[in-house]
Amino acid sequence: MVAHVRSFAVEHTSEVATPDACRHYLSRLFEPRSVAVVGASDRPDAVGGVVMRNMLAGGFGGGLYAVNPRHDQVQGRKAYASVGAIDAPVDLAVIATPPEAVPGILEDCGLHGVPAAVVITAGFGEAGEAGAALERRVLEVAHRYSIRLIGPNCLGVMRPSIGLNATFNQGSARQGHIAFVSQSGALCTAILDWAQGNDVGFSSVVSMGSSTDVDFGEILDYLALDPETRSILLYIEGIRHARSFMSALRAAARVKPVLLVKVGRHDAGRRAAVAHTASLVGADDVFDAAVSRAGVVRVQTVSQLFTAAKALSCGFRPVGERLAIVTNGGGPGVMAADRAADLNVPLARLSPATIDALNGVLPANWSHANPVDIIGDAPAERYRQAVKACLEDDGVDGVLAILTPQAMTRPLEAAQAVIELADGSSKPLLTCWMGEVQVAEARLALEAAHRPHFRTPEPAVEVFAHLSAYYRNQRLLMQVPGPLCGHAEPDLETARVIVDGALQARRQVLTEMESKALLAAFHIPVARTMIARSPHEALLIAEQLGFPVAMKVNAQGITHKTDAGGVSLNLGSASEVRSAYQRIADNIRRNRPDAVMDGVCVESMVVKPNGRELLIGVTSDPVFGPVITFGAGGTAVEVIGDRAVALPPLNAVLARDMIAGTRVSRMLDPFRNLPAADLEALEAVLLRVSEMVCELPALREMDINPLILDEDGAIAADARVVLEYRHTGADRYGHMAIYPYPAHLVSDWQLPDGTDVVIRPIRPEDAELVRDFVAGLSDEARFFRFMHVLQALSGPMLVRLTQIDYSKEIALVAVTAAAPETELGVARFSLNPDGESCEFAIVLADRATGKGLGQKLLTTLIEVARLRGLRRIGGEVLASNHPMLALAQTLGFGVAPVPDNPDLLSISLQL
């Protein structure tokens, strides 16, 4: 039983030809068959004139129409008074007119059926309130006619492979396989000029402008599936829609390298970015954490962006971050080693076998360590032997070969030896031939071989650092945590009662007692605490808990209790407790007369001689939403400034990576006379905080400070929680930038023959399971599913099917409960661009048909779509696929013919 769905055929455009109906919905924007230039002119300095000239010079092979009501002819072409006057279909309108004319032009485009437009015109949101109102009118007209827009206030778009140059750039771009997407049109012009002299070609160039309609997310969706694009480069100033950005970024990074420059790393830059794009700009370390989690590499400069892209395009497969340096000069080797230390790139420790091999081919006075100094008189053969030995060392993940032109050096011969080795190795092999005249011929040879080469060591090390970051971030991308950590279930009912009670009382800040009760509901160890409302009660509680005790004010609105004089520690006697109560009350009356004091919290003093004071917190980033923080704790948190951030959800791998990203992590190992701290306990607290973020959308801020950690475990000595009401709607994880693995959709079922089956969402590690499943399908089943004869899934197809974004897709696999798992069937849906409907596909193993599994999978899928708030689910089925049609009609699907394709039927169900 098999149903094909149109949206899934798009996945395979790089493998097979697909029908026109299967093109990406933005194809008319980036691959138009006809273009109208509105505002085309004969004036050489007019924007519309430049666009028309570029389109003609680019050799665009489709229909090209000039629109200008004042002229009968523009640049030798017939001019039309309006888009509606063109007597042929138009895929793309490029608008370069005064801003007040744009809404009317889009109205004309809509009536003519134009599906896409590029609005080059400026003078909208960036020009004040009147311009913003005009921009809203533009968007309203575009939405009414389902026109997709790039811009306004942009340079335009290029697609060199089809001769599309719908920009006002002075010149064109070479054809290539790099897609460049930028929020700055000015930067696009500079990059295009630079690329001409550096032999860099493009599959697409997109200047986004104000991104009123089409944003990063949709452009990345298109480029991820574009067979012409092998790597994607982004220039980012700010993000408007974090969920769609992260979703598309992760999807693209799974199938091709994505590198980006993000400006606004400092306050002055952030203010300028907001002023330029009106996009949201959050904390820079949060952005870093987000893109790392997406499997993307962030660089600092535009030159690094293209250099790293060229290195990745050489076929390197980064497998780690340990660098070996081979040099014929000690100084350059030290320079490279210093830069590696700056970037936290570890130098590889050469194995004894490698040392022995080098001893056999190098002079006795070689360095006997990494950097490998092969001495100034090194001939080409010595370079070959030294680099080869390093590449073959399992402890080496990449090699940088450095040459300085000394009297005995043969730069070209050495370069040819290195090129030969690079062609036979998948490890990154970078070169730095220093100097100019004597190494010029060698550089030409390296360039002709498409091998990355550098003039000085530092940029070469930086590129290796980027390659290492790509490897590291791809590992993070593969992590798919669920909302719960898999240990004891949290007491969600109690937690929600605490949160709802505070919100109903119109309180945002929980008391310390409420905060600790919330932590306890998620099994985070807390210091035992009781409230005393008089000095005598405080004494009795202290006697019950046992001395020493700590006392802290219990009052709404006091965040920093120590600053208000509301904390007393290490109280060891009855008299100290009574005195402390009165002292705290007096301090609050004096320092915080506005606060309403509700007694004092008395708690056992956490006595951990080997304890390290840490902080675990939650903050809300204006772009990416809830973020988990970790670092050194205590009263000097802001001064120390030691924190790592991560986007939830977390698992053990991500928690460990987060801990390692702080300076305080070094104090968790054995330190002087302190034993190693219990890292598993720390990881457990981080995972529990991740659970809190996932399951409590109202959690805006939280500080567990200090969390005291020693060899015996962790305990939260103090906590502060701030709430904010958020409407979640049908999407239970809509407050998060990364959608957790939907573990709540896992269910058990049984076939009529007694076989136990688990139905669960697909995971990245299911790749081999899916490969074997498709390989085991009959030819007919594969044809029904993919609508062509498919023998096996390619690597990119397998990634696309198993590494999905659960906020936009769901794939439910039915697997045998008994190990080893065997896939029996899969049903999946993918959201349509309207966000209100989805298209589905289903396929069963031949041995699982006729047992009710198809109906079970499809009804479960329909229910998931209904719970997501979707209004319609549909798909396309071959007219000869009678079993699937029968099932669809049983479940209430309507069946209709597909226009212009008698072999297909469309099925849909209103939800």
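In this numbering scheme, every chain counts its residues from 1 along its sequence in written order. Where totals are concerned, whole chains, interfaces and linings use all residues; where local detail is concerned, this predicted model gives features only for residues with pLDDT of at least 70, and gives and counts side-chain atom pairs only at 80 or more. Hydrogens and water are ignored here; the side-chain numbers use all heavy atoms of the structure.

Take the overall build of the chain next. Working definition: helices are DSSP H or I runs of at least four residues, strands are E runs of at least two. Numbering for both runs from the N terminus. Scanning the chain from N- to C-terminus turns up 29 helices and 38 strands. The globule rule used here is 2.2 Å times the number of residues to the 0.38 power, and the radius of gyration it is set against is calculated over C-alpha atoms. Radius of gyration (C-alpha) of the chain: 32 Å, near the 29 Å computed for a compact globule of 911 residues. Across its three principal axes, the chain shows a C-alpha extent of roughly 100 × 80 × 70 Å. Per-residue accessibility, obtained with a 1.4 Å probe over protein chains only, is compared with the maximum for each type, and a residue is labelled buried under 20%, exposed over 50%, and partly exposed between these values. Relative to its 911 residues, the chain shows a buried fraction of 56%. Note on contacts: a residue pair qualifies if any of its non-hydrogen atoms lie within 4.5 Å across the two residues. Restricting to contacts in the chain with at least 6 residues of sequence separation, those with at least 24 account for 70%. For the accessible areas, the method is Shrake-Rupley and the probe is 1.4 Å, while residue cover comes only from the protein chains on display. Summing over all exposed atoms, the chain offers an accessible surface of approximately 36,700 Å²; the carbon and sulfur share of this is 52%. Charged residues are defined here as Lys and Arg on the positive side and Asp and Glu on the negative side; His and the ends of the chain fall outside this count. Lysine's charge is taken at NZ, arginine's at CZ, aspartate's at CG and glutamate's at CD. Across the chain, 82 positive and 102 negative side-chain charges occur, with their mean positions spaced 2 Å apart.

Proteins that are soluble and globular tend to have nonpolar side chains buried together. Among the buried residues, those of types Ala, Val, Leu, Ile, Met, Phe, Trp, Tyr and Cys that are joined through side-chain atoms within 4.5 Å form a nonpolar core. Counting 63 residues, the largest nonpolar core has Ile150, Leu234, Phe245, Phe624 and Leu647 as the members making the most contacts within it. Of all the elements, helix α8 (residues 242-253) adds the most residues to this core, at seven residues. Residues contacting Phe624, with those up to four places away along its chain left out, are Ala242, Phe245, Met246, Val286, Phe287, Ala290, Leu647 and Ala737. Counting 58 residues, the second largest nonpolar core, distinct from the first, contains Phe773, Ile842, Leu844 and Val877.

By convention, a stacked pair of Phe, Tyr or Trp rings (six-membered ring in the case of Trp) has centres within 6.5 Å and planes under 30 degrees apart, an edge-to-face pair has planes over 60 apart, and any other such pair is tilted. One pass over the structure, following the stated rule, counts 12 aromatic pairs. Their ring planes at 50° and their centres at 5.9 Å tell us that Phe180 and Phe306 sit as a pair that is tilted. Placement of Phe180 in strand β11 (residues 174-182) and of Phe306 in helix α11 (residues 302-312) is noted, with a sequence separation of 126 residues between them. Ring centres 4.9 Å apart and planes at 50° place the aromatic pair Trp194 and Phe306 in the tilted group.

Comment: axis = line fitted to C-alpha atoms, over the contacting stretch for helices; angle = value between 0 and 180 degrees taken between N-to-C directions. Running from amino to carboxyl end, helix α20 (residues 535-545) crosses helix α21 (residues 574-591) at an angle of 140°, the nearest separation of the two axes being 9 Å. Compared by their axis directions, α20 and α21 come out oblique. Remark: the crossing between α20 and α21 carries right-handed chirality. Contact with α20, carried on its side by Pro535, Ala538, Leu539 and Ala542, involves Ala574, Val577, Arg578 and Tyr581 of α21 and no other residues of that element. Taken together, the residues that form the contact of α20 with α21 break down as seven nonpolar, no polar and one charged. Relative orientations are named as follows: roughly parallel for angles under 35 degrees, roughly antiparallel for angles over 145 degrees, roughly perpendicular for angles from 65 to 115 degrees, and oblique for any other angle. For any helix crossing, the convention is left-handed if the near helix is rotated counterclockwise from the far helix by under a right angle, and right-handed if that rotation is clockwise. Gly falls in the polar group here, along with every residue not listed as nonpolar (Ala, Val, Leu, Ile, Met, Phe, Trp, Tyr, Cys, Pro) or charged (Asp, Glu, Lys, Arg).

Put simply, a salt bridge is a Lys or Arg side-chain nitrogen that is within 4 Å of an Asp or Glu carboxyl oxygen. Summed over all chains, the structure comprises 53 salt bridges. Where Asp423 meets Arg451, a salt bridge forms, and the shortest distance between an N and an O atom there is 3.1 Å. A residue pair is termed long-range when its members are at least 10 positions apart, and Asp423 in helix α15 (residues 411-423) and Arg451 in the loop between α16 (440-448) and β20 (453-454) qualify at 28 residues. Exposure remark for Asp423: the relative accessible area of 52% places this residue in the exposed category. Among the salt bridges present, the one from Glu701 reaches Arg720, with a minimum N-O distance of 3.3 Å. Placement of Glu701 in strand β28 (residues 699-710) and of Arg720 in strand β30 (residues 719-723) is noted, with a sequence separation of 19 residues between them. On the basis of relative accessibility, which here comes to 25%, the residue Glu701 falls in the partly exposed class. Counted as one network, the salt bridges with shared partners bring together Glu512, Lys516, Lys552, Lys561, Glu603 and Asp718.

The end-to-end C-alpha distance of helix α6 (residues 185-196) is 17 Å, a good match for the 16 Å that 12 residues give at a rise of 1.5 Å each. Listed in full, the buried residues belonging to α6 are Leu187, Cys188, Ile191, Leu192 and Ala195. The buried residues of α6 occupy an angular sector of 135° when projected down its axis, which confines them to one face. Summarising the geometry of α6, the exposed residues directed more than 90 degrees from the buried face are Ala186 and Asp193. Helices are assigned an expected span. That span is 1.5 Å times one less than the residue count. Here, the arc refers to the directions that run from the helix axis to the C-beta atoms.

Turning next to the packing of α11 against helix α17 (residues 457-477). As a packed pair, α11 and α17 sit with axes 10 Å apart at the nearest point and diverge in direction by 65°. Here α11 runs over α17; the crossing is right-handed. Of the residues in α17, those touching α11 at Gln304, Thr307, Ala308, Ala311 and Leu312 are Glu462, Val463, His466, Leu467 and Tyr470. Classifying every residue of the contact of α11 with α17 gives six nonpolar, three polar and one charged.

Attention now goes to the sheet that holds strand β15 (residues 297-299). Here the rule is simple: two strands pair whenever DSSP picks up at least two bridges between them. Taken together, seven strands build an open sheet; the order of strands is β10-β9-β12-β11-β13-β14-β15 and the sheet is mixed. The open sheet has two edge strands, β10 (164-167) and β15, and neither has a second partner. Each neighbouring strand pair of the sheet contributes to a mean axis angle of 25°, computed without reference to strand direction. Where strand β14 (residues 258-262) lies against β15, three bridges are found, and the strand directions are parallel. When the bridges of β15 are listed, Leu259 appears paired with Val297.

In this model α21 runs 26 Å from its N-terminal to its C-terminal C-alpha over 18 residues, within 8% of the 26 Å that 1.5 Å per residue would give. For α21, the full list of buried residues reads Val577, Ala580, Tyr581, Ile584, Ala585, Asn587 and Ile588. Summarising the axial view, the buried residues of α21 lie within an arc of 165°, below the 170-degree limit, and thus occupy one face. Turned more than 90 degrees from where α21 packs its buried face, Arg589 and Arg590 sit exposed. Looking at the buried residues of α21, the elements they touch are β21 (529-532), α20, β22 (549-556), β23 (567-571) and β24 (596-604).

This part covers the environment of Phe316. Within the secondary structure layout, Phe316 lies in the loop between α11 and β16 (323-327). Along the chain, Phe316 and Arg349 lie 33 residues apart, while their C-alpha atoms are 21 Å from each other. Once you skip the residues sitting within four places of it in the chain, Phe316 turns out to touch Ala311, Ser426, Lys427, Pro428, Leu429, Leu430, Arg451, Pro452 and Leu467.

The next point concerns the sheet that holds strand β7 (residues 116-119). The strands making up a sheet are joined through hydrogen bonds of the backbone, oriented either antiparallel or parallel. With mixed pairing, the seven strands of this open sheet are ordered in space as β4-β5-β3-β2-β6-β7-β8. A single partner strand is all that each edge strand has here, and the edge strands are β4 (73-74) and β8 (148-150). Sheet analysis places strand β6 (residues 92-95) next to β7, joined by four bridges and oriented parallel. Across the sheet, the residue bridging to Val94 is Val118, located in β7. Its contacts with the sheet put helix α4 (residues 102-112) on β2 (34-38), β6, β7 and β8, and the angle it makes with β6 is roughly 165°.

Quick look at the pairing of strand β12 (residues 201-207) now. Here β12 lies mainly inside the structure; seven of its seven residues are buried. Sheet analysis places strand β9 (residues 156-159) next to β12, joined by two bridges and oriented antiparallel. Paired with Val157 across the strands is Val206, a residue of β12. When the strands point away from the viewer and the connection leading from the first strand across the helix to the second strand turns clockwise, the crossover is called right-handed. For the crossover that starts at β11, traverses α6 and ends in the parallel β12, the hand is right-handed.

That is the geometry; function is a separate question.
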